[in-house]
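# An overview of the molecular structure
Here is how the chains run, residue by residue.
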Amino acid sequence: MSDRLSVLKTYKLYVGGKFPRSESGRVYEVTDSKGKWLANAPQSSRKDARDAVVAARKAFGGWSGATAYNRGQVLYRVAEMLEGRKAQFVHEVADAEGLSKSRAAEQVEATIDRWVWYAGWTDKIAQVVGGGNPVAGPYFNLSSPEPTGVVAVLAPQESSFLGLVSVVAPVIATGNTAIVVASGKSPLPALSLGEVLATSDVPGGVVNVLSGRTAEIATPLASHQDVNAIDLAGADEVLAKELEISAADNLKRVLRPQPVDNWTATPGIDRLTAFLETKTVWHPTGSLGASGSSY
């Protein structure tokens, strides 16, 4: 049997529910832990970052306005599709992180479980962080969480799939829309996640995936006036400080990078609440009858 040349895939960005090439036309070689050429990934430009913000803002109204229960259904559908493409992700994670197939399978299964976990929180988080407040006076005082808006997410550099989902899923579960900057050296699981999202029920623009040099993409996102928050999980100490300074210009909410030793540990709800605002409403109770009793 004669040897043949492999047909290496050239991935595309995922922006606004579509798969555009990078505006600059640039690509870069993605290699595995041993230096083997795996595929070509698009190298995003500042223009790609701005286009992703436009797409995320356009999608925000519909996604944040959907019921929490509906968002949970949509996210669970993504988990179903990830389960169906598990073999592909096992292969990509093994190559990206230099893991054995069995260890990579554990990572992928944990990732799917993590997605399901966040899908289940969509209609429960309001009961945990919201509710009625006791006040002195004839008023109802109710607090409820609302999404912050458009969130830029720098995916972890080392955990190409489990870490990625651990920072992206809570952002969209709570009604935000996201611009994801994939791991610079291991972007393929993130780009493949975009392909899953495109064929699921997640509306276009809710998640936008960019690949390339993290600093080059993150810098315009941090200073963009229509980005409401930024998660610096994938930034090193120097870059994180620079981005935080840029983010202060329009008072973005910033989640600083936090070292994570084990992404498989139960994450808690910190990332769910990181990009939520609290709306508090006062409403008079009124009185019933001459006795002055109120409800």
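Residues numbered from 1 in each chain as written. Predicted model: local features only at pLDDT ≥ 70, side-chain atom pairs only at ≥ 80, totals over all residues. Heavy atoms only, no water.

The tally for this structure, following the rule as stated, stands at 16 salt bridges. The closest approach of N and O atoms between R77 and E80, which form a salt bridge, is 3.2 Å. In this pair, R77 and E80 are both assigned in helix 2 (residues 68–84), 3 residues apart and thus about one turn of the helix distant. Residue R77 is classed as partly exposed on the basis of its relative accessible area of 34%. Looking at E80, the relative accessible area reads 40%, which means it is partly exposed. We note a salt bridge from E244 to R256, for which the minimum N-O separation is 2.6 Å. One end of the pair, E244, is in helix 9 (residues 237–247); the other, R256, is in the loop between strand 9 (253–255) and helix 10 (270–273), with 12 residues separating them in the sequence. (Salt bridge = Lys/Arg side-chain N within 4 Å of Asp/Glu carboxyl O. Helix = DSSP H or I, 4+ residues; strand = E, 2+ residues; numbered from the N terminus. Buried < 20%, exposed > 50% of the residue type's maximum accessible area, 1.4 Å probe, protein only.)

With respect to the element layout, R114 can be found in helix 4 (residues 101–121). If sequence neighbours within four positions are ignored, R114 has contacts with L162, V165, S166, W263, T264, A265 and P267. Only 3.1 Å separates the side chain of R114 from the backbone oxygen of A265, close enough to count as a polar contact. (Contact = heavy atoms within 4.5 Å. Polar contact = N/O pair within 3.5 Å; in protein donor to acceptor, adjacent residues only side chain to side chain.)

Contact geometry of helix 8 (residues 214–223) with helix 9 gives a least axis separation of 8 Å together with a crossing angle of 25°. On the basis of the axis angle, helix 8 is roughly parallel to helix 9. Once helix 8 is placed against helix 9, the crossing between them reads as right-handed. Touching T214, A215, A218, T219, A222 and S223 of helix 8 are L239, L243, S246 and A247, all from helix 9. Here the residues of the contact of helix 8 with helix 9 sort into 6 nonpolar, 4 polar and no charged. (Axes fitted to C-alpha atoms, helices over the stretch in contact; angles between N-to-C directions. Parallel < 35°, antiparallel > 145°, perpendicular 65-115°, else oblique. Left-handed = near helix turned anticlockwise from the far one by under 90°. Nonpolar A, V, L, I, M, F, W, Y, C, P; charged D, E, K, R; others polar.)

The subject of this paragraph is helix 8. Those residues of helix 8 that fall on the buried side of the exposure criterion are T214, I217, A218, P220, L221 and A222. On its buried face, helix 8 sits against helix 1 (46–65), strand 5 (150–154), strand 6 (177–181), strand 7 (207–210), strand 8 (229–231) and helix 9.

Further remarks concern the sheet that holds strand 4 (residues 139–147). Read across the sheet, 3 strands follow the order 3-4-10 without closing on themselves; strand pairing throughout is antiparallel. This sheet does not close on itself; its edge strands, each paired only once, are strand 3 (131–132) and strand 10 (276–284). (Pairing = 2+ DSSP bridges.)

The 5 strands lie next to each other as 7-6-5-8-9, forming an open sheet whose pairing is parallel. The sheet terminates laterally at strand 7 and strand 9, the two strands that pair on one side only. For this sheet the average axis-to-axis angle between neighbouring strands, irrespective of direction, equals 15°. Relative to strand 6, strand 5 runs parallel, the two sharing 5 bridges. Directly across from A152, in strand 6, lies its bridge partner I179.

Extensive coverage of strand 6 is indicated by the burial of 5 of its 5 residues. Burial along strand 6 is two-sided: T177, I179 and V181 and A178 and V180, pointing in opposite directions, are all buried. Read as a crossover between parallel neighbours, the route from strand 5 over helix 6 (residues 162–173) to strand 6 is right-handed. As for the winding sense of the linkage, the β-α-β connection from strand 6 through helix 7 (residues 188–198) to strand 7 is right-handed. (Right-handed = clockwise from strand over helix to strand, strands pointing away.)

Turning to the nonpolar core, a few remarks are in order. Among the nonpolar cores identified, the biggest contains 61 residues, and L82, W115, F161, L164, I172, L197 and V207 are the most heavily contacted of them. When residues of this core are assigned to their parent elements, the largest contribution, 9 residues, is made by helix 6. If sequence neighbours within four positions are ignored, L197 has contacts with Y14, V78, W115, V202 and V207. Formed by 25 residues, the second largest nonpolar core is a distinct cluster that contains L210, L221, L232 and A247. (Core = buried A, V, L, I, M, F, W, Y, C linked by side-chain atoms within 4.5 Å.)

To continue, consider the packing of aromatic side chains. Each aromatic ring pair is specified by the distance between its two centres and by the angle formed by the two planes. Under the definition given, this model contains 5 aromatic pairs. On the numbers, 5.1 Å between centres and 35° between planes, the contact of Y14 with F19 is tilted. Classification of F19 by relative accessible area gives partly exposed; the value is 34%. Each ring, one from W117 and one from Y118, has its centre 5.1 Å from the other, and the planes form 80°; the classification is edge-to-face. The exposure class of W117 is partly exposed, given its relative accessible area of 30%. A connected cluster of aromatic rings, assembled from ring pairs, spans W117, Y118 and W121. Sitting over the face of the ring of Y11, K9 holds its NZ or CZ atom 4.4 Å from the ring centroid. R57 extends its terminal NZ or CZ atom over the ring of F60, reaching a point 5.7 Å from the ring centre. (Phe/Tyr/Trp six-rings, centres within 6.5 Å; stacked < 30°, edge-to-face > 60°. Lys NZ or Arg CZ within 6 Å of the ring centre and 35° of its normal.)

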